[in-house]
Amino acid sequence: MACSASPSGKVAVSFWPAFWRGFRALMPLWLGIIPFAVAYAVTARAAGLGIGETQLMSLTVFAGASQFAAAGLFAGGTSALGIVATTFLLNARHVLYGLSLARQVPLTHPQRVLAAQFLTDEAYGVAVVNGAREPGSLSFGFLLGAELSLYAVWNVATFGGALAGGVLPDPAALGVGVVFPLAFLGLLVPLLVDRQALLVAFASGVGAWGLSRVLPGGLVVLLAGVGGALLGAWRVTRKAAA
């Protein structure tokens, strides 16, 4: 049996079936993730990091944009505090992801810690889009499966890129910068089900574009996300009152 009724009336989903559904749900994005991980490895090796150091960062940090930034800062001799501050700003958007998932997925404290460690943009997007179609709604098993699917391919591609870094072209020539915006547009489209969703998405996009002129990327996503959420909440409240 894949699921059963709990005393609270909710459907309790078995972990492993949900885990493998989440793992497979991320697989279509692998083709975009692999060149990005390889490009990171090439950048890190060019910055003077060894193969072990390059791989260790993927195993422990596991944040593509932050790893790119850290590799560049290492090459420039930036202090440890500067590297930490930069990567913190780049990943500030994960605060919003965590708040969103906390409302959708019942998690114990150890599950929260584990899910937070492996949480990424892609795993969050896939979990939110596919969670509504899951038996009993989105579960920890599905979320962790999506997260570890990306973790596995990211680290395998990092290792391959670190080994072959000397014979690969400059990362900019790989054209990986367009991969993730396109992937997230693909995840966004199924969520645009009415005029209100379109309005919030458009306003958030315009706000993010304007903020990106003066602020770093992670902070832009955080502020645009909060602004979009507040706009959506205001619209829903106003509609309910009417």
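Not measured: the values here are computed from a predicted model.

Caption draft 1: Spatial organisation of the overall build of the protein. Along the backbone of the protein there are 12 helices and 2 strands. The order of helices and strands in the protein, counted from the N terminus, is β-β-α-α-α-α-α-α-α-α-α-α-α-α. Here the protein holds 242 residues, and the buried ones make up 36% of them. Counting only contacts in the protein whose residues sit at least 6 apart along the sequence, the fraction spanning at least 24 positions is 74%. Within the structure as shown, the protein displays about 13,100 Å² of accessible surface, and the carbon and sulfur contribution to it stands at 72%.

Caption draft 2: Quick look at the nonpolar core. Judged by nonpolar contacts, the single largest core of 42 residues is most densely connected at Leu26, Ile33, Leu101 and Trp154. Elements that contribute at least two residues to this core include exactly α1 (15-26), α2 (30-46), α4 (64-75), α6 (94-104), α7 (109-118), α8 (121-131) and α9 (140-163). Considering each element in turn, this core owes the most residues, 10 residues, to α9. If we skip the residues at most four places from it in the chain, Leu26 touches Ile33, Glu122, Ala123, Val126, Ala146, Ser149 and Leu150.

Caption draft 3: A look at the confidence of the model for the protein. With 87% of its residues at a pLDDT of 70 or more, the protein has an overall mean of 85. Across residues 4-11 the pLDDT falls below 50, and counting only partners more than four positions away or on other chains, this stretch makes 6 contacts in the model.

Caption draft 4: The arrangement of the packing of aromatic side chains in detail. What the rule picks out here adds up to 16 aromatic pairs. Arranged with centres 4.9 Å apart and planes meeting at 90°, the rings of Phe62 and Tyr151 form a pair that is edge-to-face. With a gap of 89 residues between them, Phe62 in the loop between α3 (51-60) and α4 and Tyr151 in helix α9 connect regions that are remote in the sequence. The residues Phe62 and Tyr151 share a single accessibility class, namely buried. Centre to centre, the rings of Tyr97 and Tyr124 are 4.5 Å apart; their planes meet at 15°, and the pair counts as stacked. Of this pair, Tyr97 sits in helix α6 while Tyr124 sits in helix α8; the two residues are 27 residues apart in sequence, bridging distant segments of the chain. We note that Tyr97, like Tyr124, is buried. Three or more aromatic residues link up through ring pairs in this structure, and these residues are Phe15, Trp16, Phe19, Trp20, Phe23, Trp30 and Phe140.

Caption draft 5: How the structure looks around the environment of Ser212. By the secondary structure assignment, Ser212 is in the loop between α11 (195-211) and α12 (217-241). On the accessibility criterion, Ser212 (43% relative accessible area) is partly exposed. Along the chain, Ser212 and Ala224 lie 12 residues apart, while their C-alpha atoms are 9.9 Å from each other. Within the structure, the side chain of Ser212 is placed 2.6 Å from the backbone oxygen of Trp209, a separation counted as a polar contact.

Caption draft 6: Spotlight on the pattern of salt bridges. Enumeration over the complete set of coordinates arrives at 2 salt bridges. Residues Arg21 and Glu134 are paired through a salt bridge, measuring 2.9 Å at the closest nitrogen-oxygen approach. Taken together, the residues span a long stretch of sequence, with Arg21 in helix α1 and Glu134 in the loop between α8 and α9 at a distance of 113 residues. Residue classification places Glu134 among the buried positions, given a relative accessible area of 9%. A salt bridge links Arg93 to Asp121, with the shortest nitrogen-to-oxygen separation between them at 2.7 Å. Remark: Asp121 occurs in helix α8 and Arg93 occurs in the loop between α5 (80-90) and α6; sequence separation between them is 28 residues.

Caption draft 7: Expanded view of the packing of α6 against α8. The geometry of α6 relative to α8 is characterised by a closest axis approach of 11 Å and an angle of 30° between their N-to-C directions. Classed by the angle they form, the pair α6 and α8 counts as roughly parallel. The chirality of how α6 crosses α8 is left-handed. On the side of α6, the interface is formed by His94, Tyr97, Ser100, Leu101 and Gln104, while α8 contributes Asp121, Tyr124 and Val128.

Caption draft 8: Examining α3 more closely. Looking only at α3, the buried set comprises Thr54, Gln55, Met57 and Ser58. The arc that holds the buried residues of α3, viewed along the axis, is 155°, so those residues lie on one side. On its buried side, α3 packs onto α2, α4 and α9. Phe62 sits one or two positions beyond α3 and adopts a positive phi of about 50°.

The rules behind the values
- Residues numbered from 1 in each chain as written.
- Predicted model: local features only at pLDDT ≥ 70, side-chain atom pairs only at ≥ 80, totals over all residues.
- Heavy atoms only, no water.
- Helix = DSSP H or I, 4+ residues; strand = E, 2+ residues; numbered from the N terminus.
- Buried < 20%, exposed > 50% of the residue type's maximum accessible area, 1.4 Å probe, protein only.
- Contact = heavy atoms within 4.5 Å.
- Areas by Shrake-Rupley, 256 points an atom, 1.4 Å probe, with all protein chains shown as cover.
- Core = buried A, V, L, I, M, F, W, Y, C linked by side-chain atoms within 4.5 Å.
- pLDDT = per-residue confidence, 0-100.
- Phe/Tyr/Trp six-rings, centres within 6.5 Å; stacked < 30°, edge-to-face > 60°.
- Polar contact = N/O pair within 3.5 Å; in protein donor to acceptor, adjacent residues only side chain to side chain.
- Salt bridge = Lys/Arg side-chain N within 4 Å of Asp/Glu carboxyl O.
- Axes fitted to C-alpha atoms, helices over the stretch in contact; angles between N-to-C directions.
- Parallel < 35°, antiparallel > 145°, perpendicular 65-115°, else oblique.
- Left-handed = near helix turned anticlockwise from the far one by under 90°.
- Arc of directions from axis to C-beta.

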